[in-house]
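Descriptive structure summary
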Amino acid sequence: MPLEVVQSVTALIDLCAKPGAQPKTEDLRAVLKYVAGVADAQVLDLPKKYGAAGAAVSASINTSLQRILEYGYHPGIPANVVYPAMIRESGWLADSDFAQEKPQLWDKSGTLEAPFIIHGREFEEITPDTFSGAFYRYTMDRVLLRTSYEGRDVFVSITQQDGPSSVGKKGLVLDDATWNYLYSEEEGLTKGGMTWMDTYMYGSASVSVYIQDAAIPQHTTCMMFKWLRAGWAKLNVVRSKHIAAGCERSVRSFRQVIESPKLPSSNELAAQYASLTKLSDEELDAMMRTYVDGLQRFRSENELLEDGLFASLLDDYTYVKQLNRAQKVNLMMKSYLRTQLGIK
């Protein structure tokens, strides 16, 4: 990848720390020109930045940019709904511009010289890592940008993590393809000989670019540039291949949702999420007990469910008692979406 493209990508990341700042036209142009010409399914190492390894991954999404924005950035739909294999829980902080203005990004437009731009701060808790089983919660600054390039509609999402994450806790991937996971409150890693380690995501930064295809309305090119530093005792153990695998995992689950012909309208999803938040505790717990009953089928497939920490979560509905209200709502929303899409 040309050095000037990497420099322009990092210049865009710098916007996260500068509320109200506008990107330089030459930086936007350099990044968009590169993404517009990149081949599908490219995986590239990026030079080390922010004390972290980096990777870039390109992909084609078989839907319009309009649809991506209507679901991915709908003010009433949390990101964990459309990225079910990557995000457990997410939300905009109350004082962020996005939370206050609730922009409909699919109706916004801009040019290279005058892009539409909005800043925000959000929290995010990820799903368990497929290797270590650990999951983390952190806050990040995000810049959302709408522009155009050579007549093509463009959206850019820029993030930078704000400080270290919470300490990693033990989670279990039951079935990544159907977004089934277990979350414990015990600190450490789930797998390997390092279960005792206190691990953190020390920092991350990313730029995701979406460009509408000029000739095919139902086709969007996406490219993600990401740096991630994580490990223990302030040592970074993340390599470019790990970042690329995470990006590819994110794209897979996003495609499952956004490309599905069975996906309800964005307004229906927002209404369903709102209705779940209004359930009484008793109603929510009844739904959760049915959900835990469904998880029992994984006992015969995973040795970590034979006894110990994760087995105990499924005994006597302990899991229902452990989770807070927001976590239950998000699990029930994920179950609703699985049902709607015909994923079992």
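Summarised in this report is the structure supplied together with it. Keep in mind it's a predicted model, so treat the numbers as computed, not measured.

**Quick look at the overall build of the protein**
Helix and strand counts for the protein stand at eleven helices and twelve strands. The C-alpha extent of the protein, read off along each of the three principal axes, is 60 × 45 × 35 Å. Looking at the protein as a whole, 56% of its 344 residues qualify as buried. In the protein, of all internal contacts separated by at least 6 residues, the share reaching a separation of at least 24 is 71%. By element, 50% of the accessible surface of the protein is carried by carbon and sulfur atoms, the whole surface being about 14900 Å². Positive and negative side-chain charges of the protein, numbering 37 and 42 respectively, have mean locations separated by a distance of 2 Å.

**Describing the environment of Val329**
You can see Val329 is positioned in helix 11 (residues 325-341). On the basis of relative accessibility, which here comes to 4%, the residue Val329 falls in the buried class. The sequence separation of Val329 and Ala274 amounts to 55 residues, and the corresponding C-alpha distance is 9.6 Å. If we skip the residues at most four places from it in the chain, Val329 touches Tyr273, Leu276, Thr277 and Leu284.

Definitions and limits used
- Residues numbered from 1 in each chain as written.
- Predicted model: local features only at pLDDT ≥ 70, side-chain atom pairs only at ≥ 80, totals over all residues.
- Heavy atoms only, no water.
- Helix = DSSP H or I, 4+ residues; strand = E, 2+ residues; numbered from the N terminus.
- Buried < 20%, exposed > 50% of the residue type's maximum accessible area, 1.4 Å probe, protein only.
- Contact = heavy atoms within 4.5 Å.
- Areas by Shrake-Rupley, 256 points an atom, 1.4 Å probe, with all protein chains shown as cover.
- Lys, Arg positive; Asp, Glu negative; His and termini not counted.
- Charge placed at Lys NZ, Arg CZ, Asp CG, Glu CD.

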